[in-house]
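Topology and contacts: notes
The residues making up each chain are set out below.
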Amino acid sequence: MTKTTLNSFYGKAPNKNTTAHELAKGQREISIAEFFEKNRHLLGFDNKRKALMTTIKEAVDNALDACEEADILPEISVEIIEMGTDKFRVIIEDNGPGIVKKQIPKIFAKLLYGSKFYKLKMQRGQQGIGISAAVMYGQLTTGKPARILSKIGLSEPAHYYELKIDTAKNSPDILKDEVRDWDKEHGTKVEIDLEASYNKGNQSVDEYIRETAIINPHVTLIYSPPKGDQIMLVRATEEKPRQPREIKPHPYGVELGMLIKMVQNTKAKSIKSFLKEDFSRVGDKSAEEILENSKILSKTKPKDVNRDMAEKLMEGIKKTKLMMPPTDCIVPLGADMLEKGLKKEINAEYYTSVSRPPSVYRGNPFAIEVAIAYGGDQPADKQINVMRFANKVPLLYQQGACATNQAIIDTNWKGYGIQQTGKNMPVGPITVVIHIASVWVPFTSEAKEAIAHYNEIIKEMKLAIQETGRNLAKYVNKKKKVKDELKKRSYIETYIPHIAEAIKEIIGISATEEEIIKENLKYLLEDTRGKVAEVGFDPTKNEEFDADFASIGKEKKSEDENSEEDKGESK
Amino acid sequence: MSETLKKIKKTATDLFRSIKLKEKAEMESPVRSLNNVIYNKKDGFFELKGNMKKRTLSANTVKTFAQTLKMMALSKDLINAKDIATKREAYYVSKNWGEARFKEQPESDAVMDDIEATFSCNREQLGFIADEHGGSVAGELTVIDKDTTSGKEIKIDCTKFGSGSYSVPSDVEHLKFQTKAKFILAIETQGMFERLNKHQYWKKSNSIIVSMSGVPSRSCRRFIRKMSDEAKIPVYVFTDGDPYGMMNIYRTLKVGSGNAAHINEYFCVPSAKFLGITPQDIAQYKLPTHPLKEVDIKRAKDALKNDPFVQDHKEWQKALKDMIKGKVRAEQQALAKHGLNFVISNYLPEKMKNEKSWLP
């Protein structure tokens, strides 16, 4: 382009058969599959280590969503087998509802195919990229197809597929399609070979599995890492979470592109009924108001709505005051459950948690939950530990870019007796768990690693942190008071013998009397002060704590070095 | 058994009983501050108003209780052994008391003062003496003391010290005096005392001169009081013309201090008169001056506002107000402007003659 522009600028007649035409020869449509092949980091496949975690995460997220929708208590097994240097096979099997035969190839071997994109419902997956991206990554790095086995009922056959993605066309390439025996009532099993590396420690598969169990207490996970024994993470509760309700989009949350798509696909006959039927919180009156504000006739047919009109409609929506969307479609975990999960992972001396009432950002309902663990085994001289979850999915990467980070550093932790210099991460023996539940969690990228900085979201996060922070401050102050009291008591005990001794020196009492004096003084000075409350860390007090569970994926020294190596390699 | 010893034992016994019966243990002593004194007009000294501070044994007072009792035990030992300890020595003795020891001497001094006040006695009766110098004396006076080892009476002629002087001991209760002097002159500075002594001012004026070296110590106050009472002669006080000389030195000598109000009755000289430099003198003698410091002004204003003695004497109120207004002070030595011995030849004789120039 630059070249042609320069040529015309100098007044030279561009040769029709040269630059532009030559360029045009090289220009062709790039499929989404091809694009992501070259930009795998956008999907969370930046390096071998992360690729393993992302692949497992996508498969498990899908399994959990499917179970939730079918109202099944999930039992998911994750197996990682080392096939050779940097070659792994992952096998994820669930007891979900299964997938109907004709959908299997599309779900696993076509990017952006899915049931979730136009849905506003609190669930893990959002856009139908994840699992097919994992399949593509596997095929790219090992050349092997993904193997899927799925069964939808006891009397139904189990279908087995071997699938690849035709990356140019973004369509499934079916290598094998057959019926197999599977002694399972229903469920899906996914097998993917990929280039990867397995490590423990931060941002590892182990950490993902552990945190998934914390945030999904109703799930049983059977985890077989490449080294070591199989780990059974039995569900902590038989109670299934309430089914999240699907809601129609709220006008405030719709962007122009989305609006255009919606208006193209609507079944409504008029623009007014489109607004009423396809959106939440738009009634007869408010629909008319929007159209009036947009200067669009209410009888306009949706198919006649062009880009300009859509833009006018956006303006009209902005000008119209609408009721906020219903918020009962959100199913938070609940403060108690969140705290219970945290107790399992961290043996601390104090826990506090809060589940905020739902709120709304850009027309999307969301709710924030926060739990804090203080003291105990946690190091006091390091930055606080943060665990982030979005719609019950652990977020392990990009903490610094996450709204949670902003909310934490914007909070004044000094007020809660925790060290903090300026707007930095506080330092102290603390783990903060933040969970955002929403019909649409705004991530900063498709890899779904960090939550976008919406003011409404950060505000709610801060309110939740502040609420737990105040509880924490109460505890920290109480602890300080008790410490002072104990100090005072030892102070008292320091001087009691001197009083007894001086009395003895002045009036010559007997040794027995001196002892009586000491005892009585102790009574007069201490017992009258009441009992000292028991605070402090008792490692045996937390019955929820599961040392084996907490140690899953924790690095030992030698493994630490490996992970450093891996980091260097990935860059 | 001495009265003090009885009081110490009674305190300990009462405490012992209360503690044994698991009853509230308490100790009481008068509040030692200017807020708790009234000016006894009739007898001319500060006496206690009667506000008591009651210490109940608690976590906050346990240390003070221990220290007070230990100090009483030390006092008991001193009295029994007929020994003495200076305030500083007592502080060092406390270093044997483990955690109950005093960190700084002001802490032990305060405990000592509390015990004194509680028992309405003076520290010498407790076996303690001051660290500070008691004062220098010269002039027409014979002090009758006892030899400290033999107990034999000895007579000390205060005209026979040459350029030196007699030093007031810390305990003056046993002293007796013989004198034909007509008055006692108490002087603020050692320098002025030296000048008057060198020129034998006491001989010319038939007097006794005493150097107080700043605020007079208790024994110095008691010494002057005893001389004045026994010989029935007046006491004149010669200080700098500033609020410190007037209030801290003169007022303490005359009516006592807030801190030692429990013993002021004996440790002050109500008959004393102020012959020091006044604002009027500054004008009259055209004395060289220094500007009043902020602390001087504060001292003068405090005295006008809070000092019961000043509140009872219009003359003093006027003098202090004049000083604040004039914004200047003058030292005794400023008289040297008119010649080194102007103070002997002119100032003191003129002052003596003119009773109106005195302050009460």
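Residues numbered from 1 in each chain as written. Chains lettered and ligands numbered in written order. Predicted model: local features only at pLDDT ≥ 70, side-chain atom pairs only at ≥ 80, totals over all residues.

**Quick notes on the overall build of chain B**
Quick reminder of the rule: Strands here mean DSSP runs of E at least two residues long; helices mean DSSP runs of H or I at least four residues long; both are numbered from the N terminus. Whether a residue is buried, exposed or partly exposed follows from its count of other C-beta atoms within 10 Å of its own C-beta, namely 20 or more, 12 or fewer, or something in between, respectively; the C-beta atoms are built from the backbone. Any residue pair is listed as a contact if its two C-beta atoms, each placed from the backbone, are within 7 Å.
What chain B contains, in helices and strands, is 13 helices and 17 strands. Out of the 360 residues in chain B, the part that is buried amounts to 43%. For chain B, long-range pairs separated by at least 24 residues make up 73% of all intrachain contacts whose partners lie at least 6 apart in sequence.

**Notes on the overall build of chain A**
On a plain count of helices and strands, chain A comes out with 17 helices and 14 strands. The buried share of chain A, reckoned over its 571 residues, is 43%. Put simply, 71% of the contacts in chain A that link residues at least 6 apart link residues at least 24 apart.

**Describing helix H13 (residues 342-353) of chain B**
All names here are of chain B. For the record, the criterion: Take the residue count of a helix, subtract one, and multiply by 1.5 Å to get its expected span. What the arc describes is the spread of directions from the helix axis to the C-beta atoms.
In this model, H13 (12 residues) spans 16 Å end to end at C-alpha, consistent with the 16 Å of a helix rising 1.5 Å per residue. When H13 is considered as a whole, its buried residues turn out to be Val-343, Leu-348 and Lys-351. Mapping the buried residues of H13 onto a view down its axis gives an arc of 60°, with all of them on the same face.

**Observations regarding the sheet that holds strand S2 (residues 87-94) of chain A**
All names here are of chain A. Note the cut-off: If DSSP finds at least two bridges between two strands, the strands pair. Axes, fitted as lines to C-alpha atoms, cover a helix only where it is in contact. Angles between the N-to-C directions of the axes lie from 0 to 180 degrees.
Read across the open sheet, the 8 strands follow the order S5-S4-S3-S6-S2-S1-S7-S8; overall the sheet is mixed. Looking along the sheet, the strands with just one partner apiece sit at the ends: strand S5 (171-180) and strand S8 (231-233). Averaged over neighbouring strand pairs, the angle between their axes works out to 15° when direction is ignored. Sheet topology places strand S1 (residues 75-84) next to strand S7 (residues 220-224); 5 bridges connect them, and they run parallel. Of the residues in S7, the one forming a bridge with Val-78 is Tyr-223. Sheet strands in contact with helix H6 (residues 130-142) are S2, strand S3 (146-151), strand S4 (158-166) and strand S6 (187-195), and its direction is about 40° off that of S6.

**A few points about the interface of chain B and chain A**
Taken together, the contact between chain B and chain A spans 25 residues of the former and 20 residues of the latter. Elements with a minimum of two residues in the side of chain B that touches chain A: helix H1 (3-20) and helix H2 (62-80) of chain B. Broken down by element, the side of chain B that touches chain A gets its largest block of residues, 9 residues, from H2 of chain B.

**Remarks on the confidence of the model for chain B**
Definition in use: You can read pLDDT as the predictor saying how much it trusts each residue, on a scale of 0 to 100.
Confidence along chain B averages 87 in pLDDT terms, with 99% of residues attaining 70 or more. Across the predicted assembly, pTM comes out at 0.63 and ipTM at 0.73.

**Some words on helix H9 (residues 271-278) of chain A**
All names here are of chain A. Those residues of H9 that fall on the buried side of the exposure criterion are Ile-271, Lys-272, Phe-274, Leu-275 and Asp-278. Projected down its long axis, H9 carries its buried residues within an arc of 165°, all on one side. If you follow the buried residues of H9, they end up packed against helix H8 (256-265) and helix H10 (284-294).

**Here we look at the sheet that holds strand S10 (residues 166-167) of chain B**
Residues and elements named next belong to chain B. Overall, mixed pairing links the 6 strands, which are arranged S10-S7-S13-S12-S14-S15 in an open sheet. Only two strands of the sheet have a single neighbouring strand rather than two, namely S10 and strand S15 (273-274). Relative to S15, strand S14 (residues 235-238) runs parallel, the two sharing 2 bridges. When the sheet's bridge partners are listed, Tyr-236 is paired in S15 with Lys-273. Each of strand S7 (136-139), strand S12 (183-187) and strand S13 (207-211) is contacted by helix H5 (residues 190-198), which is oriented at about 150° to S13, the strand it contacts most.

**A word on the packing of H10 of chain A against helix H11 (residues 307-319) of chain A**
Residues and elements named next belong to chain A. What counts here: Should an angle lie under 35 degrees it is considered roughly parallel, over 145 roughly antiparallel, and from 65 to 115 roughly perpendicular; all remaining angles are considered oblique. Each crossing is labelled by how the near helix is turned from the far one, with a counterclockwise turn of less than a right angle marking it left-handed and a clockwise turn marking it right-handed. Put simply, Ala, Val, Leu, Ile, Met, Phe, Trp, Tyr, Cys and Pro go in the nonpolar bin, Asp, Glu, Lys and Arg in the charged bin, and everything else, Gly too, in the polar bin.
Interaxial distance between H10 and H11 falls to 7 Å at its minimum, and their mutual angle equals 120°. In terms of axis orientation, H10 runs oblique to H11. Between H10 and H11 lies a crossing whose hand is right-handed. Residue-level contacts link Ile-290, Leu-291, Asn-293 and Ser-294 of H10 to Lys-312, Leu-313, Glu-315, Gly-316, Ile-317 and Lys-319 of H11. Taken together, the residues that form the contact of H10 with H11 break down as 4 nonpolar, 3 polar and 3 charged.

**Comments concerning unusual backbone geometry**
Most peptide bonds take the trans configuration, and most residues that are not glycine carry a negative phi. Here the phi dihedral of Asp-71 of chain A falls at roughly 60°; this positive angle occurs in a residue that is not glycine. Turning to its location among the elements, Asp-71 of chain A is positioned in the loop between helix H4 (48-69) and S1. The phi dihedral of Lys-232 of chain B is positive, around 50°, even though this residue is not glycine. Taking the C-beta count within 10 Å as the criterion, Lys-232 of chain B has 8 such neighbours and is therefore assigned exposed.

**With respect to the environment of Asn-412 of chain A**
Residues and elements named next belong to chain A. Considering the arrangement of structural elements, one finds Asn-412 in the loop between helix H13 (403-410) and strand S14 (430-438). A residue is classified by how many C-beta atoms lie within 10 Å of it, and Asn-412, with 14 of them, is partly exposed. Through-space distance from the C-alpha of Asn-412 to that of Lys-423 is 8.4 Å; in sequence the pair is 11 residues apart.

**Structural notes on the pairing of S12 of chain B**
Residue and element names in this part refer to chain B. Burial analysis of S12 places 5 of its 5 residues in the buried class, which makes it a mostly covered element. Relative to S13, S12 runs parallel, the two sharing 5 bridges. Counterpart to Ile-184 in the pairing with S13 is Ile-208.

**Side note on the nonpolar core**
All names here are of chain A. So the rule is basically this: Nonpolar cores are identified as sets of buried Ala, Val, Leu, Ile, Met, Phe, Trp, Tyr and Cys residues joined via C-beta atoms within 7 Å. Marked domain ranges trace back to an automatic or database domain assignment.
With 111 residues, the main nonpolar core has Ile-56, Val-135 and Val-370 as its most contacted residues. No other element matches H4, which puts 10 residues into this core. A domain split of this core shows at least three residues from each of domain 2 (37-198) and domain 4 (335-475). Apart from the residues lying within four places of it in its own chain, the contact partners of Val-135 are Phe-108, Ala-109, Ala-146, Leu-163, Ile-165 and Ile-192.

**Structural notes on the confidence of the model for chain A**
Residues and elements named next belong to chain A. Considering every residue of chain A, the mean pLDDT works out to 86; 90% of them sit at 70 or more. Contacts from residues 1-13, a stretch scored under 50 in pLDDT, to residues over four places away or in other chains number 7 contacts. Confidence over residues 557-571 falls short of pLDDT 50; this stretch has 16 contacts with residues more than four positions distant or in other chains.

**Side note on the pairing of S7 of chain A**
Residue and element names in this part refer to chain A. Burial along S7 is one-sided: the residues Leu-221 and Tyr-223 are buried and none of Thr-220, Ile-222 and Ser-224 is. Pairing analysis gives 3 bridges linking S7 to S8, with the strands arranged antiparallel. Looking across to S8, one finds that Leu-221 is bridged to Leu-233. The turn linking S7 back onto S8 is made up of 6 residues, and Gly-228 within it adopts a positive phi angle of 90°.

**Things to note about the environment of Glu-288 of chain A**
All names here are of chain A. If you trace the backbone, Glu-288 turns up in helix H10. Taking the number of C-beta atoms within 10 Å as the measure of exposure, Glu-288 has 16 and is therefore partly exposed. When the C-alpha atoms of Glu-288 and Leu-275 are compared, they prove to be 9.3 Å apart, with 13 residues separating the residues in sequence.

**What to know about the packing of H13 of chain A against helix H14 (residues 455-507) of chain A**
Residues and elements named next belong to chain A. Two elements in contact, H13 and H14, have axes whose closest approach is 9 Å; the angle formed by their N-to-C orientations is 50°. As judged from the angle between their axes, H13 and H14 are oblique. Like other packed secondary-structure pairs, H13 and H14 cross with a definite hand, here right-handed. Contacts between H13 and H14 involve Ala-403, Thr-404, Gln-406, Ala-407, Ile-408 and Asp-410 on the former and, on the latter, Ile-457, Ile-458, Met-461, Lys-462 and Ile-465. For the contact of H13 with H14, the residue count by class is 7 nonpolar, 2 polar and 2 charged.

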